[in-house]
Amino acid sequence: MKEPVVIVGAGLSGLRAASLLQSKGISCRVLEARSRIGGRVLSMAAKDRPEPGRFDLGPTWFWPNHEPAIAKLVKDIGLPTIEQHTAGAMLFEQSQTGKVQRHVLPEGAVERSVRLAGGIQSLIDAIASTLPPETVELDTRVNAIQLDEPEGITIYAEQFDEKKKSIRAAAVILALPTRIVAESIAFSPKLPDGLMTSLKDKPTWMAGQAKAVAVYERPFWRDAGLSGQVTSWAGPLQEIHDASPDTGYGALFGFLGLPAKVRHELGEEHTLRLVIDQLTRLFGPSAEKPIALFYKDWSSDLDTAVEEDALPLTSFPDYGLPAGMSSWEKRVVFAGTETAPGHGGHLEGALQAAERAASEVLKVL
């Protein structure tokens with residue numbers, strides 16, 4: 001086989017598919033529009049305070065008792081994990097002025113979950129290290145794919161310096177949110193209407209969300225018998241959890257309950273002031289001055305979200321493979337967590353989709 005398999009997207013699903021194919025002797029090229037690998041995995045450390053480690057602004061944890069693909073991969077690679085802290089009382093607030101309620105959950109009420117000690121980025125980095133040098137090409141945005149006769153494919157891409165390139169491929173794996181595929185890539189011949197509808201009907205997981213992480217010298221809330229877990233109707237964070245590393249530092253992270261439009265109007269600085277006000281209201285004066293504060297609004301990320309994703313999800317999406325591949329069948333394969341038959345939206349779904357995509361490509365080749 002002269003032409004490589006081209007994988008569009010260097011998130012967890014795309015990198016895992018590339019690693020699986022490379023292990024079978026299949027040459028791959030991974031094209032990524034961003035200037036980094038990881039996709040919706042984003043683990044950050046403070047530039048002026050790197051010692052607490054990295055904190056996740058995308059997916060944060062997984063459930064080893066129910067998610068075998070990621071549990072096995074993490075074990076095989078040997079990545080250290082941190083069991084999610086749930087011991088202690090959780091808080092519930094209905095309003096900013098009302099009394100904060102304190103509840104102790106029955107033993108076993110919270111399903112065991114774990115985080116990676118180096119952030120989920122450590123899994124991304126470990127998978128990327130299995131690939132030959134130069135496999136991943138950053139700042140390379142795919143904007144067109146052409147199906148050639150009898151069995152070839154040509155990918156057209158543009159680099160950050162506006163330099164254009166075309167790449168011949170034996171097959172293509174699209175490891176992107178399906179709505180991004182539908183909106184940003186032109187296909188020749190055009191994709192069937194049914195397939196385009198199917199791509200657009202899959203909401204991008206996390207695309208409408210924003211997440212904040214506050215880092216402290218220590219997890220002081222545990223001294224008060226608190227788990228760090230909060231459910232709030234008052235906001236701006238509607239859900240808060242302990243995100244403390246195993247280094248002695250403390251951290252709290254939360255999902256914003258404010259709609260994307262409201263967040264955009266407020267701006268990041270104002271939104272984070274509201275976040276600190278809420279944490280101080282809930283956990284006392286010790287929460288007022290974190291040593292680091294992180295924020296990511298995924299609805300503003302053009303490589304993640306389209307306009308329709310700004311609408312909040314009201315139920316868990318019905319994910320799975322897009323319908324109606326038609327003439328593109330077997331040469332263009334979909335990966336990404338939105339195409340997983342189970343665990344869609346989770347890290348587990350991304351890995352399962354990568355395994356299925358790699359298997360399909362191997363059958364064709």
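Anyway, here's the lowdown on the structure attached to this text. Not measured: the values here are computed from a predicted model.

Take helix α3 (residues 121-128) next. α3 sits mainly inside the fold: six of its eight residues count as buried. Looking at the buried positions of α3, the neighbouring elements they touch are α1 (12-23), β3 (43-44), β4 (55-56), α2 (68-77) and β8 (114-116).

Val5, Ile7, Leu12, Leu21, Leu123 and Ile173 are the most contacted members of the largest nonpolar core, which totals 38 residues. Those elements giving two or more residues to this core turn out to be β1 (5-8), α1, β2 (28-31), α2, β8, α3, β13 (171-174) and α8 (347-364). The leading source of residues in this core is α8, at seven residues. Excluding residues within four positions of it along the chain, Ile7 makes contact with Gly14, Ala17, Ala18, Leu21, Cys28, Arg29, Val30, Leu31, Ile173 and Ala175.

Turning to the sheet that holds strand β11 (residues 153-159), a few remarks are in order. The strand order β12-β11-β10-β14 describes an open sheet built from four strands, whose pairing is mixed. Two strands lie at the open edges of the sheet, namely β12 (164-169) and β14 (186-188), each paired on one side alone. The sheet shows a mean angle of 25 degrees between the axes of neighbouring strands, taken without regard to direction. Strand direction decides the pairing type here: strand β10 (residues 140-147) and β11, joined by seven bridges, are antiparallel. Paired with Arg141 across the strands is Glu158, a residue of β11.

The next point concerns the packing of α1 against α8. Remark: α1 packs on α8, axes separated minimally by 8 Å, with the N-to-C direction vectors making an angle of 40 degrees. Classified by the angle their axes make, α1 and α8 are oblique. The handedness of the crossing between α1 and α8 is right-handed. For the pair α1 and α8, the contacting residues are Leu12, Ser13, Arg16, Ala17, Leu20 and Leu21 in the first and Leu347, Ala350, Leu351, Ala353, Ala354, Glu355, Ala358, Val361 and Leu362 in the second.

On inspection of all chains with the given rule, the structure shows 21 salt bridges. Note that Lys296 and Asp301 form a salt bridge whose closest N and O atoms lie 3.2 Å from each other. Taking relative accessible area as the criterion, Lys296 reaches 18% and is therefore assigned buried.

What follows is about the side chain of Arg40. Checked against the element boundaries, Arg40 lands in the loop between β2 and β3. Judged by its relative accessible area of 17%, Arg40 falls in the buried class. Among the polar contacts listed, one links the side chain of Arg40 to the backbone oxygen of Trp205, at a separation of 2.9 Å. Beyond its immediate chain neighbours, meaning those up to four positions away, Arg40 contacts Gly58, Pro59, Pro177, Thr204, Trp205, Met206, Trp298, Thr304, Thr337 and Glu338.

To continue, consider the side chain of Glu348. As for its position among the elements, Glu348 is in helix α8. For Glu348, which is buried and forms no salt bridge, the nearest opposite charge comes from Arg16, at a distance of 9.9 Å. Ignoring any residue separated from it by four or fewer positions in sequence, one finds Glu348 in contact with Glu67, Pro68, Ala69, Ile70 and His343.

Cis peptide bonds are those with omega within 30 degrees of zero, and the linkage from Ser188 to Pro189 qualifies with 0 degrees. Following the sequence through the fold, Pro189 ends up in the loop between β14 and α5 (193-200). Despite not being glycine, Met206 shows a phi value in the positive range, around 80 degrees. With respect to the element layout, Met206 can be found in the loop between α5 and β15 (210-216). Accessibility expressed as a relative area gives 13% for Met206, which makes it buried.

The buried fraction of strand β16 (residues 226-232) amounts to six of the seven residues, a majority that puts the element mostly inside the structure. Inspection of the sheet shows strand β6 (residues 89-93) paired to β16 by four bridges, in the parallel sense. Directly across from Leu91, in β16, lies its bridge partner Val230. In the sheet, β16 pairs with strand β17 (residues 237-242) via two bridges, with the strands oriented antiparallel. Its bridge partner being in β17, Val230 is matched across the sheet by Ile240. Following β16, the chain reverses through four residues before pairing antiparallel with β17; Gly235 in that reversal takes a positive phi of roughly 75 degrees.

Glancing now at the sheet that holds β16. Taken in spatial order, the seven strands line up as β7-β6-β16-β17-β18-β15-β19 in an open sheet, and their pairing is mixed. A single partner strand is all that each edge strand has here, and the edge strands are β7 (101-103) and β19 (292-297). Across the sheet, the axes of successive neighbouring strands diverge by a mean angle of 20 degrees, strand direction being ignored.

Quick look at the environment of Phe187 now. Relative to the helices and strands, Phe187 resides in strand β14. For the pair Phe187 and Pro150, spaced 37 residues apart in sequence, the C-alpha separation works out to 16 Å.

With their axes 9 Å apart at the nearest point, α1 and α3 run at an angle of 25 degrees to one another. With respect to each other, α1 and α3 are oriented roughly parallel. Relative to α3, α1 is oriented so that their crossing is left-handed. Across the interface between the two elements, Leu12, Leu15, Arg16 and Ser19 from α1 touch Leu123, Ile124 and Ile127 from α3. Looking at the contact of α1 with α3 residue by residue, the class counts come to five nonpolar, one polar and one charged.

Cut-offs used in this document
Positions within a chain are numbered from 1, following the residues in the order the chain's sequence is written. Per-residue local features are limited, in this predicted model, to residues with pLDDT of at least 70; the limit for side-chain atom pairs, both in listing and counting, is 80 or more; totals at the level of whole chains, interfaces and linings are taken over all residues. Side-chain figures throughout are based on the complete set of non-hydrogen atoms in the structure, without hydrogens or water. Only protein chains enter the calculation, and the probe is 1.4 Å; a residue is then buried if its accessible area is under 20% of its type maximum, exposed if over 50%, and partly exposed in between. Only DSSP runs of H or I reaching four residues or more are called helices, and only runs of E reaching two or more are called strands; each is numbered from the N terminus. Residue contacts are counted whenever heavy atoms from the two residues lie within 4.5 Å of one another. We define the nonpolar core as a collection of buried residues of types Ala, Val, Leu, Ile, Met, Phe, Trp, Tyr and Cys that are connected through side-chain atoms lying within 4.5 Å of one another. The rule for pairing is simple: two strands pair if DSSP sees at least two bridges between them. Lines fitted to the C-alpha atoms define the axes, with helices restricted to the stretch that makes contact. Angles between their N-to-C directions range from 0 to 180 degrees. Angular relationships are summarised with four words: roughly parallel below 35 degrees, roughly antiparallel beyond 145, roughly perpendicular across 65 to 115, and oblique for the angles in between. A clockwise turn of the near helix away from the far one marks a right-handed crossing, whereas an anticlockwise turn of less than a right angle marks a left-handed crossing. Counted as salt bridges are all cases of a side-chain nitrogen of Lys or Arg within 4 Å of a carboxyl oxygen of Asp or Glu. As used in this structure description, the phrase polar contact means that two N or O atoms lie within 3.5 Å; if the pair is within protein, one of them must be able to donate a hydrogen and the other to accept it, and residues adjacent in sequence are counted only when both atoms belong to side chains. Here Asp and Glu are counted as negative and Lys and Arg as positive; His is not counted, and neither are the chain ends. Classification used: nonpolar for Ala, Val, Leu, Ile, Met, Phe, Trp, Tyr, Cys and Pro, charged for Asp, Glu, Lys and Arg, polar for all others including Gly.

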